[in-house]
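# Examination of the molecular architecture
As a plain string of letters, each chain reads:
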Amino acid sequence: MLQLIKHSFLAAIRRRFKRGEWGLKLLLGFLIMYFGVAFFLLGWLVLPELAKQNITDSVSAIDLSARFIIFYVVSDILMRFFFQPASSVELRHYVLLPISYRKLIHYMMGRSMFNFFNLLALLIILPFAYKLILPNHGALTTSFWLFGFLSILVGNTLISAYFKRLFAGNFRAAILMIVVVIGIFAVELIEGVSSLHISEKVFGFVFSGPLAIALLAFPVLGYLLQHRFLMQHRYAEQWQESGEDQRFWNLLEFSAKGKVSALVANEWNLMIRHKRTRTLLLFSSIFLFYGMIFYNRTTGEGSAMEIFVGIFITGFAAFNYGQFLGAWEGRYFDGIFSRNIFIEDFYRAKFRLLAGLMGFSYLLSLVYGFMEIRLIYLHTACFAFNLGLNSFLLLFFSTYQRKPLDLSAGSAFNYQGTSALQFLILIPLIILPIFIYIAVKMFFGMYAGYLAVGLVGLLSLALSRLWIKGVSDNFREKKYVMADGFRQKE
Amino acid sequence: MNEIYLKIDSAVKNYGKNEVLNIPSLEIKRGACFGLVGNNGAGKTTLFRAILDLIQLDNGKVLSKDIQVDQKEEWKRHTGSFLDEGFLIDYLRPDEFFSFVGLTHGMEKTAVAEQLEVFEPFFKDEILGHKKYIRDLSKGNQKKVGIAAAFLGQPEIVLLDEPFANLDPSSQFQLREIIKTLSKERDITMLISSHDLTHVTDVCSRIVILEKGKMVKDLQTNPQTLQELETFFQTI
């Protein structure tokens, strides 16, 4: 067992930091610190503060936490269903060794406890218990509460992994799950039937007493389900992951008629047929909520930070995908450029793809209009800037890529092919509009600032032919070096 | 009919101090089937890449139907090629891939299907109309997809690097017939590299041996050619 743990530790270390660059390591370290600190602060300071405001004589801290538990459970299971790896590949290395299969199963389940979601949840649960439950309800109740929550955490991990294995390749089930989650959220909107209220009553009661021990049923159920499933599927061929949720994604396929749109369709298919790019898309969609935390809280109305957030919200998917614009297709480079595809068409297709991603993010971002109508103007300006200028900057930077991406490998938190350069190119994309905004706002006010940012974008968009030509000319010079780089195997 | 379709003029390519290609002059006529043989590292793939403008020559130029390949892109219209699996877009299904290649030549789906008819016995019902992605096909079937795609869009010049490798024996013989038929019927200028001396002498009318980047023999195929090639590679 100890050996197994050692192996997976080595695998993790050697995968992520394999021949990494120092700049990248520093940046990754920084990102990990940033998120760690951010979530810690959220759990330690922000949430307790928010909660305190809502605690009244009739609503205790326990009631409050219980109110959201139903949401937590369903959305958590769904999130994990898409993001948490239900890894089984590594089993292949061990099934032939004289280790009992039962032991392997236990190891696998144990290992799945150590993941990002659980860490985040702990960072919120523990401070909450310490700061709010403990002072108000005493040690005994707090331990019941903690026991209940941890049971749910462990149960969620096991059950979602079970779902993931069970529904592999069954996209109807995946859709059904989404529908159920939306349904639970929708019930909330119906007058008189509040799932929050029900959740509060039921779980509030459970959490505050020894009944919390009954929640142990949750992880036990998860354990039994997975155990049974894994015992029935012991052969390697049943482990194949290729079917997975591909069918769900295939709904998004489209085909093309023209030359340029054929390239766009191709690349779209690339995105939806590889795990890494799919995760990237899903991750980007979560990023749309970034503004929820930011607007009106840390920033004042009209601050330059809002431009930063606006650019990010309307452009995150495009930035995220666009930083590897050439490298995604690195392995196909020779083939693409010896076919009847001219360089200008190639870049026109890339632009359309980025524009599509940005346009989609922009449409979704309009929901922020419910918060404040001003944010619609802000997002429109940022969208125009992204579309008109940032997209071409991404195209331009793509001609400096030399490393092919290994599309088949891994998904979330996969940094293969990443270098510090990828993060650096994001800086001008964001700094520039902020400068424009600050300069104009100083003299003419906030809305003029939005207008200026938007206009610069539109002006640049009008020059798109010129940009495409410039990028293509630049590409012509770099082509051989790129091709050589992409031919190197990792 | 003596037009020169492909002309290589004092082409030199070095990697560091290593000279990998040095061809003072090579002219290939329209409709010719040109075979390239040589041991690993002899420069076959490098030559192909130079013709497809995928590497930059240190000196010299390549003219494809009088178009200098590193100056203009128009040669892409009349050139089809399959060098390695990087020429396949392996997350597509074979049908999608063929229609993509067709679209790059402005062809409708029906035209693509028509041009693929020649390959139907070669495909053995294992390729067209299947849901599998190219990446999930066997090596041999991947090769078949790549070769067929190289012939889409009425190319006048076709380059194939090791087309016989990875194919099962009967497919190898089928491919020989396909290449011979197509080069005759459509008047395609064909460049084929191979380690299989029998196949290459059967298919090609002219064979060049490359050794350390240089052309060491230039033969018009006749009944003695295979013997000559075998002797060469035994004694080298």
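A few points on the structure. (Residues numbered from 1 in each chain as written. Chains lettered and ligands numbered in written order. Predicted model: local features only at pLDDT ≥ 70, side-chain atom pairs only at ≥ 80, totals over all residues. Heavy atoms only, no water.)

### Side note on helix α13 (residues 275-287) of chain A
Because each turn of an α-helix spans 3.6 residues, side chains separated by three or four positions in sequence point in the same direction. For the record, the criterion: A run of DSSP states H or I qualifies as a helix once it reaches four residues; a run of E qualifies as a strand once it reaches two. Both are numbered from the N-terminal end. Given a helix with a known number of residues, its expected span is that number minus one, times 1.5 Å. For each residue, the accessible area found with a 1.4 Å probe, counting protein chains only, is set against the maximum for its type, and the residue is called buried under 20%, exposed over 50%, and partly exposed in between.
Taking 1.5 Å as the rise per residue, α13(A) with 13 residues should run 18 Å; its terminal C-alpha atoms sit 18 Å apart, in good agreement. Arg276(A), Thr277(A), Arg278(A), Thr279(A), Leu280(A), Leu281(A), Ser284(A) and Phe287(A) are the residues of α13(A) that are buried.

### What about the pairing of strand β3 (residues 33-37) of chain B?
All names here are of chain B. Quick note on the threshold: At least two bridges found by DSSP between two strands is the condition for calling them paired.
Burial within β3 is extensive, with 5 of its 5 residues counted as buried. Here β3 shows two buried faces, one formed by Cys 33, Gly 35 and Val 37 and the other by Phe 34 and Leu 36. Two elements, β3 and strand β8 (residues 189-193), share 4 bridges in a ladder whose sense is parallel. Bridge assignment links Gly 35 to a residue of β8, and that residue is Ile 192. Pairing of β3 with strand β9 (residues 206-211) involves 4 bridges; the strand directions are parallel. Residue Gly 35 lies in a different strand from β9, and its bridge partner there is Ile 207.

### Things to note about the interface of chain A and chain B
Cut-off, in case you're wondering: Contacts are residue-level and defined by heavy atoms, with any inter-residue pair within 4.5 Å sufficient. Buried area is calculated as the accessible area (1.4 Å probe) missing from two parts once they are joined, with the contributions of both summed. For this document, the term salt bridge refers to a Lys or Arg side-chain nitrogen within 4 Å of an Asp or Glu carboxyl oxygen. In protein, a polar contact requires one atom able to donate a hydrogen and another able to accept it; more generally it is a pair of N or O atoms within 3.5 Å, and residues adjacent in sequence count only if both atoms are side-chain atoms.
Every contact between the two is made by 32 residues of chain A and, on the other side, 32 residues of chain B. A combined buried area of about 3,100 Å² lies between chain A and chain B, and 49% of that area is made up of carbon and sulfur atoms. The largest contributions to the chain A side of the interface with chain B come from Arg273(A), Arg339(A) and Tyr480(A), which together make up 25% of the buried area. Put simply, chain A and chain B have 5 salt bridges between them. Lys479(A) serves as the salt-bridge partner of Asp53(B), at 2.9 Å between the closest nitrogen and oxygen. Summed over the shared surface of chain A and chain B, the result is 18 residue pairs in polar contact (both at pLDDT 80 or more). When contributions to the side of chain A that touches chain B are tallied by element, the ones reaching two or more residues are α11 (246-250), α12 (259-273), α16 (333-338), α17 (343-365) and α22 (464-487) of chain A. No other element matches α12(A), which puts 8 residues into the side of chain A that touches chain B.

### Quick notes on the layout of surface pockets
Here is the rule: Points on a 1 Å grid over protein atoms alone make up a cavity when a 1.4 Å probe fits among them but cannot get out, and a pocket when they form an open set with protein on both sides within 12 Å along at least five of seven lines; lining residues each have an atom within 4 Å of a point. Grid points are joined across faces, edges and corners, and a volume is the space filled by probe spheres set on the points. Here the nonpolar group is Ala, Val, Leu, Ile, Met, Phe, Trp, Tyr, Cys and Pro; Asp, Glu, Lys and Arg are the charged ones; every other residue, Gly included, is treated as polar.
A volume near 570 Å³ is recorded for the second largest pocket. Considering the residues around the second largest pocket, the lining is formed by 27 residues, among which Ala256(A), Ser99(B), Phe100(B), Leu103(B) and Lys109(B) are closest to the centre. Secondary structure elements with two or more residues in the lining of the second largest pocket: α12 of chain A together with α2 (94-104) and α3 (109-116) of chain B. The dominant element in the lining of the second largest pocket, judged by the number of residues it contributes, is α2(B), at 6 residues. Looking at the lining of the second largest pocket, its residues break down into 13 nonpolar, 6 polar and 8 charged.

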